[in-house]
Amino acid sequence: MSDIHSNLEALTAVLSDIDEQSVDEIVCLGDIVGYNADPNESITLIRERNIKTVIGNHDSRAAGLQEPANFNAKAREAILWTRNKLSFENKNFLRTLPLTLDIGDDFLIIHGSLDSYDEYIYTEETAAWNFGLMNKRGGSKLCFFGHTHMPGVYAVNGDIVVGVRGEGKEYDLNLRALSMYLINPGSVGQPRDGDTRAAYIIYDTDKATVSFKRVSYDLNEAVEKVSKAGLPASLARRLKEGW
Ligand code: ZN
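From a predicted model like this one, the values you see are computed outputs, not experimental measurements.

Draft legend 1. Structural view of the overall build of the protein chain. Secondary structure assignment for the protein chain yields 8 helices and 11 strands. Summarising its shape, the C-alpha atoms of the protein chain cover approximately 50 × 35 × 30 Å along the three principal directions. Across the 243 residues that make up the protein chain, the buried fraction comes to 56%. Excluding contacts between residues fewer than 6 apart, the proportion of contacts in the protein chain whose partners are at least 24 apart in sequence is 71%. Element-wise, carbon and sulfur atoms account for 48% of the exposed surface of the protein chain, whose accessible area totals about 10,900 Å². Counting 26 positive and 35 negative side-chain charges, the protein chain places the centres of these two groups 5 Å from one another.

Draft legend 2. The arrangement of the sheet that holds strand β3 (residues 100–103) in detail. Sheet architecture is open: 6 strands sit in the order β3-β4-β5-β9-β6-β7, paired in mixed fashion. Where the open sheet ends on each side, the last strands, each with one partner, are β3 and β7 (160–165). Strand-to-strand twist across the sheet, computed as the mean angle between neighbouring axes with direction ignored, equals 20 degrees. Of the pairings in the sheet, the one linking β3 to strand β4 (residues 107–110) comprises 4 bridges and is antiparallel in character. From the neighbouring strand, Leu-101 faces β4, where its bridge partner is Ile-109. Contacts between helix α6 (residues 124–137) and the sheet are confined to β3, β4, β5 (142–144), β6 (152–157), β7 and β9 (180–184), with β9 contributing the most and set at about 125 degrees to the helix.

Draft legend 3. Focus on the pairing of β7. The sheet contact formed by β6 and β7 spans 6 bridges and is antiparallel. Residue pairing in the sheet places Tyr-154 in a bridge with Gly-163 of β7.

Draft legend 4. Fine view of the sheet that holds strand β10 (residues 198–204). Taking strand neighbours across the sheet as the criterion, the 3 strands line up as β8-β11-β10 in an open arrangement whose pairing is antiparallel. Each edge of the sheet is formed by a strand with only one pairing partner; in this case those strands are β8 (172–174) and β10. Across the sheet, the mean angle from the axis of one strand to that of its neighbour is 20 degrees, orientation sign disregarded. Packed onto the sheet, helix α1 (residues 8–19) meets β10 and β11 (209–215) and runs at close to 30 degrees relative to β10.

Draft legend 5. The packing of helix α7 (residues 219–228) against helix α8 (residues 233–241), seen in detail. Direction vectors running N to C along α7 and α8 enclose 170 degrees, while the axes themselves pass 8 Å from each other. By the angle class used here, α7 and α8 are roughly antiparallel. On α8, the residues touching Leu-219, Ala-222, Val-223, Val-226 and Ser-227 of α7 are Leu-235, Ala-236, Leu-239 and Lys-240. Here the residues of the contact of α7 with α8 sort into 7 nonpolar, 1 polar and 1 charged.

Calculation criteria
- Residues numbered from 1 in each chain as written.
- Predicted model: local features only at pLDDT ≥ 70, side-chain atom pairs only at ≥ 80, totals over all residues.
- Heavy atoms only, no water.
- Helix = DSSP H or I, 4+ residues; strand = E, 2+ residues; numbered from the N terminus.
- Buried < 20%, exposed > 50% of the residue type's maximum accessible area, 1.4 Å probe, protein only.
- Contact = heavy atoms within 4.5 Å.
- Areas by Shrake-Rupley, 256 points an atom, 1.4 Å probe, with all protein chains shown as cover.
- Lys, Arg positive; Asp, Glu negative; His and termini not counted.
- Charge placed at Lys NZ, Arg CZ, Asp CG, Glu CD.
- Pairing = 2+ DSSP bridges.
- Axes fitted to C-alpha atoms, helices over the stretch in contact; angles between N-to-C directions.
- Parallel < 35°, antiparallel > 145°, perpendicular 65-115°, else oblique.
- Nonpolar A, V, L, I, M, F, W, Y, C, P; charged D, E, K, R; others polar.

Listed below in structure tokens is the structure:
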């Protein structure tokens, strides 16, 4: 899962969906906080369930590791609000999160790109650059990333990079042994592909399949909390509209 962004309603709906499917391990590709109204509650759930997580660009700013200088005005306002709300322990937890993490020999997880949590993988060119970094680094040929909030897949075979965006669709993808993959599950707490449902994926290591999932959640409750918290009104609106 990725990009929870303090949306507790979306996070709990995704976790209960996952719990029905005999999953061995849950991992998170960063941005637990930012934008929405439940930063502490979201971090607490991640910590309670021992979900391995990498640091996202919003996590870093909310924890005070960096200033949100390059953020747009609404995102920056939400970061400053979040910083004020976060408990000492939860800030410290965010500060300890790694930039990249190998999940056994199976796959690698990152937030933005292999280089930085601020960089986006959103074109075949940016994917090609990151496949190059994966080659240089060795190890797994499969990497999961977030940050764009857009579900999709980039595959490389030889020199050819192909990207497929899967907006609002639930589908299974069979992974081929010779290819390398960069895969984005989409966002739990702020989907941007026009589908308001929370997004995540299940990777089946035995069957070598990746299944893109969507889950409905209590959107009205999440929206109301954003408004009540005094966060920018457009952050509530974008949840309702899926952007
Ligand atoms: Zn994000």
